[in-house]
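The chain contents come next:
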Amino acid sequence: MRILAALLAVSLAGAAAAAEPSGAVTMASLPEQVRDLLERQYGEMGDAGAPFSPWCVRAPGTYHARLVSIEREAGRLLVRFERGGIAGAHTRLAEYRMQDGAWTEIGRPPPPPVTPPPVKWTGQPRSFGNVLDTVLPPLDGAVTPPFARLSP
């Protein structure tokens, strides 16, 4: 019996040394690259204890997801967070590893890069290429009542 208790104590001590829970469970305590990946993949996220909406509709002044715990190992982060949904809040676990000098989420494709929209402002009014643009005179800002030209 003592041998079993000693083996159990050794295995629990090894597990506690392998994954060390972080003291501060805040977004600021995460590396910037992991914060960016988390928010691009799962949306804006609050710290542990932040106001939280557990359902699919987010209440004003609350987050749709918030941190629960962070476990750190050498080159590895386990981030546990809760997220609201149609069936209520559920807990998720995201694992990040340092590979080639960058953090990546294990088991998920990387989120698409953030790119600006392809629309470019040209500064030209009424530039939609409508047939009426070629027939009607350009707008000059003068407003006249209807039938003003028809009166003698």
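For the structure itself, consult the block above.
Rules behind the numbers
- Residues numbered from 1 in each chain as written.
- Predicted model: local features only at pLDDT ≥ 70, side-chain atom pairs only at ≥ 80, totals over all residues.
- Heavy atoms only, no water.
- Buried < 20%, exposed > 50% of the residue type's maximum accessible area, 1.4 Å probe, protein only.
- Helix = DSSP H or I, 4+ residues; strand = E, 2+ residues; numbered from the N terminus.
- Arc of directions from axis to C-beta.
- Contact = heavy atoms within 4.5 Å.
- Salt bridge = Lys/Arg side-chain N within 4 Å of Asp/Glu carboxyl O.

Taken as a whole, helix 2 (residues 32–42) has its buried residues at Val34, Leu37, Leu38 and Tyr42. Relative to the axis of helix 2, the buried residues are bounded by an arc of 100° and lie together on one face. In the core, the buried residues of helix 2 are packed alongside strand 2 (45–46), strand 4 (76–83), strand 5 (90–99) and strand 6 (102–105). The positive-phi residue at the C-terminal boundary of helix 2 is Gly43, with phi of around 90°.

Working definition: two side chains of opposite charge can pair if their charged atoms are close together. Tallied over the entire structure, the rule returns six salt bridges. In this structure, Arg58 and Glu44 form a salt bridge, with 3.8 Å as the shortest nitrogen-oxygen distance. In this pair, Arg58 is assigned in the loop between strand 2 and strand 3 (65–73) and Glu44 in the loop between helix 2 and strand 2, connecting sequence segments 14 residues apart. Residue Glu44 is classed as partly exposed on the basis of its relative accessible area, which comes to 45%. In this structure, Arg66 and Glu82 form a salt bridge, with 2.5 Å as the shortest nitrogen-oxygen distance. Here Glu82 lies in strand 4 and Arg66 lies in strand 3, a separation of 16 residues in the sequence. Overall, the relative accessible area of 18% leaves Glu82 in the buried class. Several salt bridges share partner residues, and in doing so they unite Glu73, Arg76, Glu95 and Arg97 into one network.

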